[in-house]
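A structural walkthrough
Letter by letter, the chains look like this.
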Amino acid sequence: MGGKPFKPKASKANTVIPKDTASLDSTKKSLTKSLPDSLKKESDLSTTVIYSAKDSTIMDTENQVVYLYGEAKVTYGDVSLEANFIQLDWAKNVVFAQGTKDSTTNKIVGKPIFKQGGEPYDAEEIRYNFKSRKAFIKGLITTQGDGLIQGEKVKKDNEDNLYIRNAIYTTCNLEHPHFNIRATKIKVVGKREIVAGPFHFELNEIPLPIGLPFGFFPYKPPQESGTSGIIMPTYGEEPQGRGFFLRDGGYYFALSPNIGLRLTGEIYSKGSFGIAANSQYIKRYRYSGTFNLNFRKSNNGSEFDRQSRSDYGIQWSHSPQSRGNSSFSASVNLQSNSNSQYNSVNTSSYISTALNSSVQYSRNFGQTVRTSLSLQADQNTVTKAVNVNTNYTFGLNQFQPFKKKNAVTDRFIDQFRMGLDVSGTYGITNQVALTNRSYNNFGYTVYRTIDTLDLDPTKPVIIDPRTAANSATNLARDGVIPFNLSTLPELLKNAQFKAQYSIPISLPNIKIGKYINLTPGFNFSGNIYQQKYRYEFKKENDLAGRYSKDTIAQKGAVAIDTLRGGAFYADYTYAFSMSMNTRLYGTINFKKGRLQGIRHTLSPSISVNYTPDFTDPKYGFYQTVQINNRVHKYQKGETIPSSLAGQETLPGDFLNISNFNPSQTNRGSQSGGISFGIQNTLEAKLRAKSDTAQKESEKMMLIDNFSLTGNYNFFATQYKLSNLNFGANSRVRKFDINLGGSLDPYKYVNDGYSISGRRIDTLLISVGEGFAKLASLNFSVSKSFKPAVADKKKQNSNGTEGQMNQINRNINDYVDWSVPWSFQFGFNYNMNKTGFAPATIVSALTFKGDVKLTEKWNFTLSSGYDFVNKGISLTNISIHRDLHCWEANFDWTPIASPYYGRSSTYNFTIRVKSALLQELKLSRRNTFYDRGGF
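Calculation rules
- Residues numbered from 1 in each chain as written.
- Predicted model: local features only at pLDDT ≥ 70, side-chain atom pairs only at ≥ 80, totals over all residues.
- Heavy atoms only, no water.
- Helix = DSSP H or I, 4+ residues; strand = E, 2+ residues; numbered from the N terminus.
- Buried < 20%, exposed > 50% of the residue type's maximum accessible area, 1.4 Å probe, protein only.
- Areas by Shrake-Rupley, 256 points an atom, 1.4 Å probe, with all protein chains shown as cover.
- Salt bridge = Lys/Arg side-chain N within 4 Å of Asp/Glu carboxyl O.
- Contact = heavy atoms within 4.5 Å.
- Pairing = 2+ DSSP bridges.
- Polar contact = N/O pair within 3.5 Å; in protein donor to acceptor, adjacent residues only side chain to side chain.
- Phe/Tyr/Trp six-rings, centres within 6.5 Å; stacked < 30°, edge-to-face > 60°.
- Lys NZ or Arg CZ within 6 Å of the ring centre and 35° of its normal.
- Patch = residues over 30% accessible without salt bridge, like charges linked within 9 Å, V, L, I, M, F, W, Y side chains within 5 Å.
- Lys, Arg positive; Asp, Glu negative; His and termini not counted.
- Charge placed at Lys NZ, Arg CZ, Asp CG, Glu CD.
- Core = buried A, V, L, I, M, F, W, Y, C linked by side-chain atoms within 4.5 Å.
- pLDDT = per-residue confidence, 0-100.

1. Comments concerning the overall build of the protein
Counting secondary structure elements, the protein contains 6 helices and 61 strands. Taken over 934 residues, the protein has a buried fraction of 37%. Surface exposure of the protein reaches about 52,200 Å², of which carbon and sulfur atoms provide 55%.

Below is the structure:
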């Protein structure tokens, strides 16, 4: 009889037992007995007990016992019990359950499953008292967090504590686990922790001589925030570094559903150590982020030449969700200069020398006003250069000042638009002394008046920044001083302030015919500075004593004097422009085959512009400065001061240098010309492969974009035609192809001063040497091969949303056992050539692939080939073995990078997997980690 409620009696003397009302239902073949509804006295139980059985329900009213057979179930509040046999004694408020023997298989089936508050307990026998809420259990199996507990005899008290004799604790979900902790007694305290008495480890049910007198295992039931717990360390050796190590061990704190904290440490046999903190946080629909902090104290362990080093790193990433009128984002990466080189956790950070950080806040006011504030820091770990800037912006979106508020249609003048953009920066840098080398981006040699670290000019200069770590080099010759608290006053003293403003004005668009758009424009902009500069050329005699061994400085240098008058300085520019564009189509149709047609879209554009000559002395924005002592004949259009006008022979070359920015030369010269560009797309139309296809045809892009751009300046004194830039990209059969480059139309001649020679104002085509020469070229192609199952997002009902988001965001950090194979490759070619100088070429092929050799074995290989250096690039081999509740990983880097002084290394890891990863068929992948601390 299913679903029969009853209230056990409080006192037998006050209860009238009716006659036996047993009946036999010949159809259902079940014998039932029911409890009368005449029990009036209240029970000690707080709610109704509901019971049911599939085969039969027998009630002994005289002894007040109910017997349930076949898929029996009893429910009392948050307590439920299922078994093949249940005995319910309401006189004693006790329920007893056990399985029954199957006569066919001679095995016990329908063993009891006890649940309280959603937490299940599997057992061989169970006896539970409804009134006292205590239980006695035989052969218990229960899940606590990610672990499983099995016990022979168990007592459960009314506070949900379990007292277990002869127990084992494991994370393996097999009946005979691969590994476990065996203890004489275990106490499960509520839903907080597990306390074990004397215990030892067993592997495949074989006792190991490893144990402790007691154990404490904190845990929490499954929750949105995950579970706190111990993080086991990895072990290995740095054969040429810090020795043997235990690394990345610690504890994870599930602080709340929104915040998790991971504290780890590392220790090495030669005395090095490190600590790290990693936190992830998320607020749904608002923001998410990560924060990492690490510190390492390393030494090489040498008895004769001990070297030590302290490294630190701070990383913070904060990403907002698009919401409201304001947003805050951060991407911070601050490290000591050697931290990335010796403690990198992946390949990209291992080879990277540039670190960038930014924190940004923006807010919009209505539909018109926009503001933002940001802090940016750039760090080069090789040259030791650091630049920190605070930036701000204020803007008015373009509006229509002449449009009437309630106008129904737009007049011609209503299309007139204008806006305002104001931005500024306040920055400090440890590159205090301006560099004196000709290879800098100033375009001229600077006379060094301050050596911040070393006054000895005979030391080798840093031509190759990779030698910066060599103490014999002269960092001061690049003007770099340490960036720390002691030098901060000097850095602030040399801080730079600059503001920019612009007033973009859009004039009404004019339609020529039906297909040509003509758009005139006007722009007014300027800059505000805190300081200005005065320039003076220093001849060879002035430098002979101090730079007697500096051959570059012997050609003369420009001395820069900084002027600070306590006021602000300003410049401005304005320009006129007009642009015209249209779009043309061409189509070729085919009658046979799958190819129905090819369409070519041509989008030509042309614009004219004019900017006055702001290098004119009447504006006071530029100074004409001699930059070297190269005696030569005057060439038409060459920049010279008015005092040398008419002279055939010049004492050197001259440049117009901005009074406010030493790196800005000739930028304010008069210009006016034509800019032109052509964009092309090419697509094909294909018939469906079969008549039953949903679509009759499909489109396929052959060339997503192919462009050619350039400009011609009518007012330039020389080099009127710019370089011609071209670019193309396409995706053909899922191959990503990109091509770009530039063409230089001018001639170079040998001048004896530079390897590249000197560019002259003579077009190649005018001397019969072709139209242009290739100045730069970049080409890349990449492709990823993998089955369709690899693109599916991972889902699991036992994982929280936060856990699944973390896995799907970082799927490359795991070995996906559901994907049989994958392969990615990429080829990159870059070439830059200036004049007669040898071309600088980067040409490399990289690839990465993994294959599941069997259901339990996975092999991963990543490598590449450097065609320029003719050698194999960074190579990593990983072998994973899925051991059900364990996983083993062998990670080997046979070829690292001798270019950076790194040696090959290997690492072997074996660890327990979480239950969540077992069900997802994922294994945590070891990322590349440096093994050469020195």
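2. Examining the pattern of salt bridges
Tallied over the entire structure, the rule returns 16 salt bridges. Between Asp744 and Arg759 there is a salt bridge; the shortest N-O distance is 2.8 Å. Placement of the pair is Asp744 in strand E49 (residues 735–744) and Arg759 in strand E51 (residues 758–763), with a sequence separation of 15 residues. Accessibility expressed as a relative area gives 24% for Arg759, which makes it partly exposed. Residue Glu855 is joined to Lys852 by a salt bridge in which the shortest nitrogen-to-oxygen separation is 3.9 Å. Since its relative accessible area comes to 19%, Lys852 is described here as buried.

3. Some points on the environment of Leu148
Among the secondary structure elements, Leu148 is positioned in strand E15 (residues 147–156). Separated by 29 residues in sequence, Leu148 and Pro177 place their C-alpha atoms 9.8 Å apart. Residues in contact with Leu148, not counting those within four places in the same chain, are Thr142, Thr143, Ile168, Tyr169, Thr170, Cys172 and Asn173.

4. Focus: the pairing of strand E23 (residues 234–238)
Alternating residues of E23 divide into Thr234, Gly236 and Glu238, all buried, and Tyr235 and Glu237, none buried. In terms of strand pairing, E23 meets strand E24 (residues 243–253) through 5 bridges, oriented antiparallel. Bridge pairing in E24 links Gly236 to Phe245.

5. Examining the environment of Asn129
By secondary structure assignment, the location of Asn129 is in strand E13 (residues 125–129). Counting along the chain gives 39 residues from Asn129 to Trp90, while the straight-line C-alpha distance between them is 9.8 Å. Residues contacting Asn129, with those up to four places away along its chain left out, are Lys92, Asn93, Val94 and Lys134. A distance of 2.9 Å separates a polar side-chain atom of Asn129 from the backbone nitrogen of Ser132.

6. Focus: the packing of aromatic side chains
Scanning the model with the defined rule gives 37 aromatic pairs in all. On the numbers, 5.4 Å between centres and 65° between planes, the contact of Tyr610 with Phe715 is edge-to-face. With a gap of 105 residues between them, Tyr610 in strand E41 (residues 595–611) and Phe715 in the loop between strand E47 (697–713) and strand E48 (724–732) connect regions that are remote in the sequence. Among the aromatic residues, ring-to-ring pairing joins Tyr501, Phe522, Phe524, Tyr529, Tyr569, Tyr572, Tyr574, Phe576, Phe614, Tyr619, Phe621 and Phe660 into one connected group. Above the face of the Phe245 ring, Arg247 is positioned so that its terminal group lies 3.8 Å from the ring centre. Across the ring face of Tyr719, the terminal group of Arg759 is positioned such that the distance to the ring centre comes to 4.8 Å.

7. Some words on a positive patch on the surface
There is a patch of like positive charges on the surface, built from Lys92, Arg127, Lys138 and Lys153. One can find Lys153 in strand E15. Judged by its relative accessible area of 48%, Lys153 is partly exposed.

8. Describing the nonpolar core
Counting 39 residues, the largest nonpolar core has Leu68, Ile86, Phe130, Ile164 and Ile186 as the members making the most contacts within it. Membership of the second largest hydrophobic core comes to 12 residues, among which are Tyr444, Tyr533, Phe537 and Ile657.

9. As for the pairing of strand E32 (residues 386–399)
Bridge count between strand E31 (residues 369–380) and E32: 11 bridges; the pairing is antiparallel. Looking at the pairing, Asp378 lines up with Asn387 of E32. Bridge analysis of E32 against strand E33 (residues 417–429) gives 11 bridges, and the strand direction is antiparallel. Looking across to E33, one finds that Phe399 is bridged to Met418.

10. Let's talk about the side chain of Ser80
Examined against the element boundaries, Ser80 turns out to sit in strand E7 (residues 79–89). Note on Ser80: relative accessible area 14%, which makes it buried.

11. Observations regarding unusual backbone geometry
One non-glycine residue with positive phi stands out, namely Gln64, at about 60°. Structurally, Gln64 is set in the loop between strand E5 (56–60) and strand E6 (65–76). Relative accessible area serves as the criterion here: at 4%, Gln64 is assigned to the buried category. In this structure, Glu205 is a non-glycine residue whose phi angle is positive, near 65°. Along the chain, the position of Glu205 falls in the loop between strand E19 (199–203) and strand E20 (206–212).

12. Side note on the side chain of Ser374
Tracing the chain through its elements places Ser374 in strand E31. Owing to a relative accessible area of 13%, Ser374 belongs among the buried residues under this scheme. Beyond its immediate chain neighbours, meaning those up to four positions away, Ser374 contacts Val359, Gln360, Asn389, Thr390 and Asn391.

13. Quick word on the confidence of the model for the protein
Averaged over every residue, the pLDDT of the protein is 78; residues scoring 70 or more account for 78%. Every residue in residues 434–440 is under pLDDT 50, and counting partners more than four places away or in other chains gives 24 contacts. Ignoring residues within four places in sequence, the model shows residues 916–934, a span with pLDDT below 50, making 108 contacts including any to other chains.

14. Quick look at the environment of Asp751
Mapped onto the elements, Asp751 comes out in the loop between strand E50 (746–749) and E51. For Asp751, a relative accessible area of 23% translates into the label partly exposed. The spatial distance from the C-alpha of Asp751 to the C-alpha of Arg630 is 9.9 Å, given a sequence separation of 121 residues. Aside from chain neighbours lying at most four places away, what touches Asp751 is Gly757 and Arg758.

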